[in-house]
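The lines below spell out each chain.
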Amino acid sequence: MISLGVNSVLFKAFSFAEAARAIALAGYDGVEISAIQGMCEHLVLDDYKSQKAELLSVMEETGLKFLSTEVASLDRERLKKAFEAAAELGIPVVNVGPGGKSDVPEDLEESLNTLYDRAELAKEYGVTLCCKAHVGSAVYNTPTTLKMMEKVALDSFGVDMDPSHIYRAGERPEQALPAVISRVKHIHIRDCKGPGPAPGVPALQACGRGDIDLMGYFKAMADARYQGPVCLEVIGPDLTMTEAAVVAAESYGYMNACLKALGAR
């Protein structure tokens, strides 16, 4: 069964415990705990051992499971800490971005070499490193994602397929997903109003409010029998608890209904 989760960055103005309680109340199966330095560090990689008991207690209290963590950085030492923390906390997937700039061959080569090295490191800790195409970065669309798949052909590496970035690259995500689904091990999800470059204000990133054919995207996912996590990732300014909870709950209702109609939940 596909597991639905929320990246805790949506609740960055609140503690992880507060975020997890709201996510559980919305109906989700799990959480992607944010470890993004400078944006939202619900998982503090430099001090995760002191957090371990509390984080696991929150998981037990809410009934959620850790689906992933987002680190974003490709820094080797930071990722080593992330892999250590993931192994200890039972987090199966660590998500990053590709870095570099679009359409710069040297940046793409460097990005792919770096991802290969980091995926080899992830293997030592028994976790999976995932990377998504990202607007403006070296890997930003389906052709560059395919190059990433070819270069980083390791079991400890997977594609994190975010339809909002593919949509803003001028593609139709529901048509792009089948080309990469064989290596997809994590999905970041949100809607997008307009062609970008930004995805829009947080409220319009709620699933069903934007212009992406998310039902078609979920159908492509179900047709391929994808069984990994799908985590809502909404970025932007700090939200009130009510605003964040509405985005989470509305998105859950939309996604759950789509997936149930497709027999995927």
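Quick caveat, the model's predicted, so the values are computed rather than measured.

Caption draft 1: Spatial organisation of the overall build of the chain. Looking only at helices and strands, the chain features 10 helices and 9 strands. By the compact-globule yardstick of 18 Å for 265 residues, the chain fits well, its C-alpha radius of gyration being 17 Å. Across its three principal directions, the C-alpha atoms of the chain cover 45 × 40 × 35 Å. Every one of the 265 residues in the chain was classed for burial, and the buried ones make up 56%. Contacts in the chain between residues far apart in sequence, at least 24 positions, make up 77% of those at least 6 positions apart. With an accessible surface of roughly 10700 Å², the chain has 52% of that area assigned to carbon and sulfur atoms.

Caption draft 2: Structural detail: the packing of helix α9 (residues 214–223) against helix α10 (residues 241–261). Interhelical geometry of α9 versus α10 gives an angle of 50° and a closest axis separation of 10 Å. Relative to α10, the element α9 lies oblique. Pair α9 / α10 crosses with right-handed handedness. Counted together, Leu214, Met215 and Phe218 of α9 and Tyr254, Met255, Cys258, Leu259 and Ala261 of α10 form the full contact between these two elements.

Caption draft 3: Inspection of the packing of aromatic side chains at higher detail. Scanning the entire structure with this criterion turns up 3 aromatic pairs. Between Tyr28 and Tyr252, the aromatic rings sit 5.0 Å apart at their centres with planes inclined by 65°, giving edge-to-face as the arrangement. You can see Tyr28 sitting in the loop between α1 (16–25) and β2 (30–36) and its partner Tyr252 sitting in helix α10, a full 224 residues away along the chain. Using a relative accessible area of 5% as the deciding quantity, one classes Tyr28 as buried. Looking at Lys151, its charged tip hangs above the ring of Tyr116, at a distance of 5.9 Å from the centre.

Caption draft 4: Structural detail: the pairing of strand β9 (residues 229–232). Of the two faces of β9, the one lined by Pro229 and Cys231 and the one lined by Val230 and Leu232 are each fully buried. In the sheet, strand β1 (residues 3–7) pairs with β9 via 4 bridges, with the strands oriented parallel. By the bridge assignment for β9, Ser3 is matched with Pro229. Across 3 bridges, strand β8 (residues 184–189) lies against β9 in parallel orientation. Considered in β9, the bridge of Ile187 is made with Val230.

Conventions and cut-offs
- Residues numbered from 1 in each chain as written.
- Predicted model: local features only at pLDDT ≥ 70, side-chain atom pairs only at ≥ 80, totals over all residues.
- Heavy atoms only, no water.
- Helix = DSSP H or I, 4+ residues; strand = E, 2+ residues; numbered from the N terminus.
- Rg over C-alpha atoms; globule rule 2.2 N^0.38 Å.
- Buried < 20%, exposed > 50% of the residue type's maximum accessible area, 1.4 Å probe, protein only.
- Contact = heavy atoms within 4.5 Å.
- Areas by Shrake-Rupley, 256 points an atom, 1.4 Å probe, with all protein chains shown as cover.
- Axes fitted to C-alpha atoms, helices over the stretch in contact; angles between N-to-C directions.
- Parallel < 35°, antiparallel > 145°, perpendicular 65-115°, else oblique.
- Left-handed = near helix turned anticlockwise from the far one by under 90°.
- Phe/Tyr/Trp six-rings, centres within 6.5 Å; stacked < 30°, edge-to-face > 60°.
- Lys NZ or Arg CZ within 6 Å of the ring centre and 35° of its normal.
- Pairing = 2+ DSSP bridges.

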